[in-house]
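Structure assessment
What follows is the residue order along each chain.
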Amino acid sequence: MTLSIPFIDLKSQYAELKTSIDSRIQRVLDHGQYIMGPEVRELEQQLETFTGAKHCITVASGTEALLIALMALGIKAGDEVITSSFTFAATAEVIVLLGATPVFVDVDPVTCNLDPKLIEAAITDKTRAIMPVSLYGQVADMDEINAVAARHGHLPVIEDAAQSFGAEYKGRKSCNLSTIGCTSFFPSKPLGCYGDGGAVFTNDDALAKAIREIRVHGQERRYYHTRVGVGGRMDTIQCAVVLGKLERFDWEIARRIEAGDRYIDMLATIHGVDAPQIGADRTSVWGQFTVQADNREAVLERLKTLGVPTAVHYPVPLHFQPAYKDSCRIVGALKHSETAASRVFSLPMHPYLDVEIQRMIVSKVADALV
Ligand SMILES: *Cc1c(COP(=O)(O)O)cnc(C)c1O
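Residues numbered from 1 in each chain as written. Predicted model: local features only at pLDDT ≥ 70, side-chain atom pairs only at ≥ 80, totals over all residues. Heavy atoms only, no water.

**Some thoughts on the sheet that holds strand β4 (residues 127-131)**
Strand order in the open sheet formed by four strands is β4-β2-β3-β13, and the pairing between neighbours is parallel. Unpaired on one side and paired on the other, β4 and β13 (329-330) mark the two borders of the sheet. Two elements, strand β3 (residues 101-105) and β13, share two bridges in a ladder whose sense is parallel. Residue pairing for β13: Val103 is matched across the bridge by Arg329. (Pairing = 2+ DSSP bridges. Helix = DSSP H or I, 4+ residues; strand = E, 2+ residues; numbered from the N terminus.)

Given below as structure tokens:
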């Protein structure tokens, strides 16, 4: 018997939510307000309640959320933004697009999140923001990072929460832990739509106003452009999809946490693979369930023949990428970022993953390691 294991199971999710998602999409088709229809504000209000942030502004994607956040903060050519090299390219891409310089410091070798102890040494008179990434669904050390930022002229802190929406940190929600939080509704993220989408969160009224204006070409009102903006709105239909998925999101987070705990238990008995570790004061929504092992390429080759889908998030740190190696600044050795890039791989993870499939996956991981 060949069993096909999905890496992410959007089909089971749709089967559970079909009635709600279909009727919400149909409602948009009926009222016809495809751009900035009523579902846009309805979703923003629900996400404000969910995160506790005063303002949610939906945008065209997670990348657009990061770009608009930096634009609202006035980041421009010559400025520096401190961030991680071990992340998806979008994190640094938006900095470079604005003519600013990504300044990379190393990550913690276990969580792969920015090491807050290394940030201070990277701050110069050009530093304008710190942008930690809550990688794989676990929130970065936000309190420590906020404290460094506060000591240096209250630098703004932007959380790249594209993988961590729904995660908790000391009882508070990801996206509501710093000056600005940015997330993505890309289909494979913990809360996804059926296309591109994203959101920006803040408690600062002036920043929220700037973000709303930048989202629509810097307009204060129609055809009155007070600043340079972008075409960055999220479609009404995509907002309707997220509204449908929100009905089950708390339940899905609980299932993700259970599946993560089960994986960690099962992997504990297997030598040669390092399971992820989650801080006692936080949760992970497992945007990715990512383990580490030596000889990764050989292990992945064997897992492929054994029918276990895997992915590598991410194989090349950004300071080695042709697009960024000359436009970034590196502070200290980025050896944990480089080691992680050579050892990490992600296993199937979604709320509909059952214990038998997980047992099979873990036994095949054990087989692949020998
Ligand atoms: C997915 C992701 C993004 C970009 O989100 P999009 O919606 O795909 O533009 C940014 N940062 C991180 C860490 C991501 O995982």
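Past the structure itself, the notes keep going.
**Topic: the nonpolar core**
Counting 45 residues, the largest nonpolar core has Leu47, Ile119 and Ile130 as its most contacted members. Listed by contribution, the elements that provide at least two residues to this core are α1 (10-31), α2 (38-51), β3, α5 (142-151), β9 (198-202), α7 (236-246) and α8 (249-267). By residue number, the principal contributor to this core is α7, which donates five residues. The contact partners of Ile119, leaving out residues within four places of it in the chain, are Ile82, Val105, Leu114, Ile130, Ile145 and Val148. If you look at the next biggest cluster of nonpolar residues, it comprises 27 residues, including Ile95, Leu207, Ala208 and Ile214. (Core = buried A, V, L, I, M, F, W, Y, C linked by side-chain atoms within 4.5 Å. Buried < 20%, exposed > 50% of the residue type's maximum accessible area, 1.4 Å probe, protein only. Contact = heavy atoms within 4.5 Å.)

**What to know about the site of the ligand**
The ligand sits among 17 residues. The nearest are Gly62, Thr63, Gln163, Ser184 and Lys189. Interatomic distance of 2.8 Å between a backbone N/O atom of Gly62 and an oxygen atom of the ligand. Ser184 has a polar side-chain atom sitting 2.7 Å from an oxygen atom of the ligand. Taken together, the elements giving at least two residues each to the shell around the ligand come down to α3 (62-72) and α4 (90-97). Here the shell around the ligand takes three residues from α3, the largest share from any one element. (Near = heavy atom within 4 Å. Polar contact = N/O pair within 3.5 Å; in protein donor to acceptor, adjacent residues only side chain to side chain.)

**As for the sheet that holds strand β5 (residues 158-160)**
With mixed pairing, four strands are arranged side by side in an open sheet as β1-β9-β8-β5. Strand pairing shows two members of the sheet lacking a second neighbour, β1 (55-59) and β5, which therefore form its edges. The average angle at which neighbouring strand axes cross in this sheet is 20°, direction not considered. One ladder, built from three bridges, connects β5 with strand β8 (residues 180-184); its direction is parallel. The residue of β8 that forms the bridge with Asp160 is Cys182. (Axes fitted to C-alpha atoms, helices over the stretch in contact; angles between N-to-C directions.)

**Topic: the UniProt feature "active site" (unreviewed entry) in the chain**
Within this numbering scheme, the UniProt entry marks Lys189 as carrying the feature "active site" (unreviewed entry). Among the structural elements, Lys189 can be located in the loop between β8 and β9. Look at Lys189 and you get buried, because its relative accessible area is 18%. Setting aside anything within four residues of it in sequence, one finds Lys189 in contact with Ala162, Gln163, Ser184 and Arg256. (UniProt positions renumbered as here; feature names shortened; annotations may be inferred.)

**A word on the packing of helix α9 (residues 296-305) against helix α11 (residues 355-369)**
Two elements in contact, α9 and α11, have axes whose closest approach is 9 Å; the angle formed by their N-to-C orientations is 130°. For the element pair α9 / α11, the angle class is oblique. The handedness of the crossing between α9 and α11 comes out as right-handed. Here Val299, Arg302 and Leu303 of α9 come into contact with α11, specifically with Lys364, Val365, Ala368 and Leu369. (Parallel < 35°, antiparallel > 145°, perpendicular 65-115°, else oblique. Left-handed = near helix turned anticlockwise from the far one by under 90°.)

**Focus: the packing of aromatic side chains**
Within this structure, the stated rule accounts for 10 aromatic pairs. Joined through ring pairs, the aromatic side chains of Phe50, Phe165, Phe185, Phe201 and Phe249 make up one cluster. Looking at Lys173, its charged tip hangs above the ring of Phe50, at a distance of 4.5 Å from the centre. Here Arg221 stacks its cationic end above the ring of Tyr224, 3.9 Å away from the centre of that ring. (Phe/Tyr/Trp six-rings, centres within 6.5 Å; stacked < 30°, edge-to-face > 60°. Lys NZ or Arg CZ within 6 Å of the ring centre and 35° of its normal.)

**Considerations on the pattern of salt bridges**
Under the counting rule described, the total for this entry stands at 28 salt bridges. With a closest N to O distance of 2.9 Å, Arg41 and Glu44 form a salt bridge. With a gap of three residues between them, Arg41 and Glu44 both fall in helix α2, about one helical turn apart. According to the relative accessible area criterion, Arg41 is partly exposed, its value standing at 32%. The exposure class of Glu44 is buried, given its relative accessible area of 1%. Between Asp115 and Lys117 there is a salt bridge, with its nearest N and O atoms 3.3 Å apart. Overlapping salt bridges, with partners in common, bring together Arg41, Glu44, Glu48, Arg212 and Arg215 in one network. (Salt bridge = Lys/Arg side-chain N within 4 Å of Asp/Glu carboxyl O.)

**A word on unusual backbone geometry**
The peptide bond linking His313 to Tyr314 adopts the cis configuration, its omega dihedral lying at 10°. In this structure, Tyr314 sits in the loop between α9 and β13. In this model, His217 sits at a positive phi of 60°, which is unusual for a non-glycine residue. Looking at the element boundaries, His217 is found in the loop between α6 (205-215) and β10 (219-221).

**As for the domain arrangement of the chain**
Annotation of the chain at the domain level lists domain 1 (10-246) and domain 2 (249-369). Distance between the C-alpha centres of domain 1 and domain 2: 23 Å. Taken residue by residue, the interface counts 48 residues in domain 1 and 38 residues in domain 2. When the two sides are added together, the surface that domain 1 and domain 2 hide from each other amounts to roughly 3600 Å², 57% of it contributed by carbon and sulfur. (Domains from an automatic or database assignment. Buried area = accessible area lost by both parts, 1.4 Å probe.)

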